[in-house]
Amino acid sequence: MGEHRITETSVSHSRQGRSVSHSSRKERIYSAADVRALPKGTALLLLTGIRAAVITLRPWMAEPYADRLRAATKRAERDITRRALRKRPQRSPRSRPPTTLSRR
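The following refers to the structure shown. Residue numbering note: each chain is counted from 1, following its sequence as written. For this predicted model, a pLDDT threshold of at least 70 governs which residues receive local features, and a threshold of 80 or more governs which side-chain atom pairs are given and counted, while totals over whole chains, interfaces and linings are taken from all residues. Heavy atoms throughout the structure, all of them, feed into the side-chain values; hydrogens and water do not.

### Section: the overall build of the chain
Heads up, the condition is: Helix and strand assignments follow DSSP, with helices taken as H or I runs no shorter than four residues and strands as E runs no shorter than two, numbered in order from the N terminus. Only protein chains enter the calculation, and the probe is 1.4 Å; a residue is then buried if its accessible area is under 20% of its type maximum, exposed if over 50%, and partly exposed in between. The contact definition used throughout considers only heavy atoms, calling two residues in contact when any of these lie within 4.5 Å.
Helix and strand counts for the chain come out as 2 helices and 4 strands. Counting from the amino terminus, helix and strand elements in the chain follow one another as β-β-α-β-β-α. Burial statistics for the chain: of 104 residues in total, 3% are counted as buried. Pairs at least 24 residues apart make up 25% of the contacts formed inside the chain by residues separated by at least 6 positions.

Listed below in structure tokens is the structure:
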């Protein structure tokens, strides 16, 4: 996953007043090996605009609504398949390859 640069702001207060400083540093993000080594039941969440996060997955099949999810999944798969088959171009009958005329 590489590295990314982050900017940190530090504010300090003293008798002389307030001081604000900004510093930039590189932060290491998971390598491919780190992602593969994540424990079972965890995942890496990647969303635009936020830092990557390691999350714990919930096994949906153990939830009380699992039967409704299974049924909805089957309906969605059936509908997707049906639409894909309707959009498939019709095959034209195979035409025979041109015959070669022989000269005698």
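Text resumes after the structure shown.
### Some points on the pairing of strand β2 (residues 17-28)
Successive side chains on a regular strand alternate, one facing one side of the sheet and the next facing the other. Filter applied, for reference: Being paired, for any two strands, means DSSP has found at least two bridges between them.
Pairing analysis gives 12 bridges linking strand β1 (residues 3-14) to β2, with the strands arranged antiparallel. Residue pairing in the sheet places Ser 12 in a bridge with Ser 19 of β2. Connecting the antiparallel pair β1 and β2 is a turn made up of 2 residues.

### Observations concerning the pattern of salt bridges
Threshold: Should a side-chain nitrogen of Lys or Arg be within 4 Å of a carboxyl oxygen of Asp or Glu, the pair is scored as a salt bridge.
Summed over all chains, the structure comprises 6 salt bridges. Of the charged contacts, one joins Arg 70 and Asp 67 as a salt bridge, the two residues approaching to 3.1 Å between their closest N and O atoms. Here Arg 70 pairs with Asp 67, and both are found in helix α2 (residues 66-87), just 3 residues apart, close to one helical turn. Asp 79 serves as the salt-bridge partner of Arg 82, at 3.6 Å between the closest nitrogen and oxygen. Of this pair, Arg 82 and Asp 79 both sit in helix α2, separated by 3 residues, roughly a single helical turn. A relative accessible area of 42% places Arg 82 in the partly exposed class. One salt-bridge network, in which partners are shared between bridges, spans Glu 8, Arg 25 and Glu 27.

### A word on a nonpolar patch on the surface
Short version of the rule: Note that patches include only residues with greater than 30% relative accessible area and no salt bridge, and the join distances are 9 Å for like charges and 5 Å for nonpolar side chains (Val, Leu, Ile, Met, Phe, Trp, Tyr). Exposure was quantified through the Shrake-Rupley algorithm and a 1.4 Å probe, taking into account, for residues, occlusion by the shown protein chains and nothing else.
Residues Trp 60, Met 61, Tyr 65 and Leu 69 make up a contiguous nonpolar surface patch of about 360 Å² in total accessible area. Mapped onto the elements, Trp 60 comes out in the loop between β4 (53-56) and α2.

Geometry only, nothing functional implied.
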